[in-house]
Amino acid sequence: MSGDDTADSTVLDRLYETVDSRRGQDPATSYTAKLFSRGTAKIAQKLGEEAVEAVIEAMRGDKRKLSEESADLLYHLMVLWADAGIKPAEVYAILAAREGISGIAEKEQRKHTSGGN
Ligand SMILES: N=c1c2ncn([C@@H]3O[C@H](COP(=O)(O)OP(=O)(O)OP(=O)(O)O)[C@@H](O)[C@H]3O)c2ncn1[C@@H]1O[C@H](COP(=O)(O)O)[C@@H](O)[C@H]1O
């Protein structure tokens, strides 16, 4: 955590609030507003591109570039959440509910409850 972060406000929460406040703003002065104006498919496409760029840097082993691409990826994920009307707290709640549950145990349980998917 940076010095500015508290239990109630992380850099991601603040980024989300900034992103969400750009709805309906001028696309000429805000990149986020420009993304919103281009629609969900474009936002999703940008997220996919940033994910691929992060994967490429991971495979290259360039930690600094992977960190930068990760920041781009998280920014575009915040735009996608805002576009979809999802609040960070909703995602945090899902993560919190999973705390302490092994991914392997969860997958085993899913096999028994959803026919193996
Ligand atoms: N964190 C970010 C952030 N990360 C990346 N980017 C932008 O994301 C873009 C990604 O680069 P690309 O080359 O893939 O995009 P592009 O070629 O311009 O776009 P396309 O033509 O492909 O659509 C760049 O223009 C980056 O500046 C961001 N833009 C904004 N933010 C945050 O959002 C806030 C609000 O920004 P504005 O909406 O621009 O005011 C800023 O203060 C920052 O905190």
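Residues numbered from 1 in each chain as written. Predicted model: local features only at pLDDT ≥ 70, side-chain atom pairs only at ≥ 80, totals over all residues.

Caption draft 1: Broad picture of the overall build of the protein. Scanning the protein for helices and strands turns up 6 helices and 0 strands. Its C-alpha atoms give the protein a radius of gyration of 17 Å, clearly above 13 Å, the size a compact globule of 117 residues would have. The contacts in the protein between residues at least 6 apart in sequence include a share of 46% that link residues at least 24 apart. (Helix = DSSP H or I, 4+ residues; strand = E, 2+ residues; numbered from the N terminus. Rg over C-alpha atoms; globule rule 2.2 N^0.38 Å. Contact = placed C-beta atoms within 7 Å.)

Caption draft 2: Summary view of the site of the ligand. Looking at the ligand, the residues that line it are Leu15, Thr18, Val19, Arg22, Ser30, Tyr31, Thr32, Ala33, Asp72 and Tyr75. At the level of secondary structure, the elements contributing two or more residues to the shell around the ligand comprise helix 1 (11-21), helix 2 (31-38) and helix 4 (63-84). (Near = placed C-beta within 6 Å.)

Caption draft 3: Local environment of the domain arrangement of the protein. For the protein, the assigned domains are domain 1 (11-86) and domain 2 (87-117). One C-alpha centre belongs to domain 1, the other to domain 2; they are set 25 Å apart. Taken together, the contact pairs 5 residues of domain 1 with 4 residues of domain 2. Among the elements that make up the side of domain 1 that touches domain 2, the one with the highest residue count is helix 1 (3 residues). (Domains from an automatic or database assignment.)

Caption draft 4: Quick peek at the nonpolar core. If you look at the biggest cluster of nonpolar residues, it comprises 12 residues: Tyr16, Val19, Leu35, Phe36, Ile43, Ala54, Leu73, Tyr75, Leu77, Met78, Val79 and Ala82. Tallying contributions element by element places helix 4 first for this core, with 6 residues. In this structure, Met78 is in contact with Leu15, Tyr16 and Val19, ignoring residues within four places of it in sequence. (Core = buried A, V, L, I, M, F, W, Y, C linked by C-beta atoms within 7 Å. Buried ≥ 20, exposed ≤ 12 C-beta atoms within 10 Å, placed from the backbone.)

Caption draft 5: Structural view of the packing of helix 3 (residues 40-60) against helix 4. As a packed pair, helix 3 and helix 4 sit with axes 9 Å apart at the nearest point and diverge in direction by 160 degrees. Put simply, helix 3 runs roughly antiparallel to helix 4. Here helix 3 runs over helix 4; the crossing is left-handed. Between helix 3, through Thr40, Ile43, Ala44, Lys46, Leu47, Glu50, Ala51, Glu53, Ala54, Glu57 and Ala58, and helix 4, the contact on the second element is made entirely by Lys65, Leu66, Glu69, Ser70, Asp72, Leu73, His76, Leu77, Val79, Leu80 and Asp83. Split into classes, the residues belonging to the contact of helix 3 with helix 4 amount to 11 nonpolar, 3 polar and 8 charged. (Axes fitted to C-alpha atoms, helices over the stretch in contact; angles between N-to-C directions. Parallel < 35°, antiparallel > 145°, perpendicular 65-115°, else oblique. Left-handed = near helix turned anticlockwise from the far one by under 90°. Nonpolar A, V, L, I, M, F, W, Y, C, P; charged D, E, K, R; others polar.)

Caption draft 6: Summary view of the packing of helix 1 against helix 4. Taken N-terminus to C-terminus, the directions of helix 1 and helix 4 make an angle of 55 degrees; their axes are 9 Å apart at the nearest point. If you check the angle between helix 1 and helix 4, you find them oblique. For the crossing formed where helix 1 meets helix 4, the hand is right-handed. In this structure, helix 1 contributes Leu12, Leu15, Tyr16, Val19 and Asp20 to the contact, and helix 4 contributes Leu74, Tyr75, Met78, Val79, Trp81 and Ala82. Class assignment for the residues of the contact of helix 1 with helix 4 results in 10 nonpolar, no polar and 1 charged.

Caption draft 7: Quick peek at the environment of Val55. Inspection of the secondary structure assignment puts Val55 in helix 3. Of the residues examined, Val55 has 13 C-beta atoms within 10 Å and is grouped as partly exposed. Separated by 15 residues in sequence, Val55 and Ser70 have C-alpha atoms that sit 9.4 Å apart.

Caption draft 8: Highlighting helix 3. Relative to the 30 Å expected for 21 residues at 1.5 Å per residue, helix 3 spans 30 Å between its end C-alpha atoms, a close match to the ideal helical length. Of the residues trailing helix 3, Gly61 is marked for its positive phi of about 80 degrees. (Expected span 1.5 Å × (residues − 1).)

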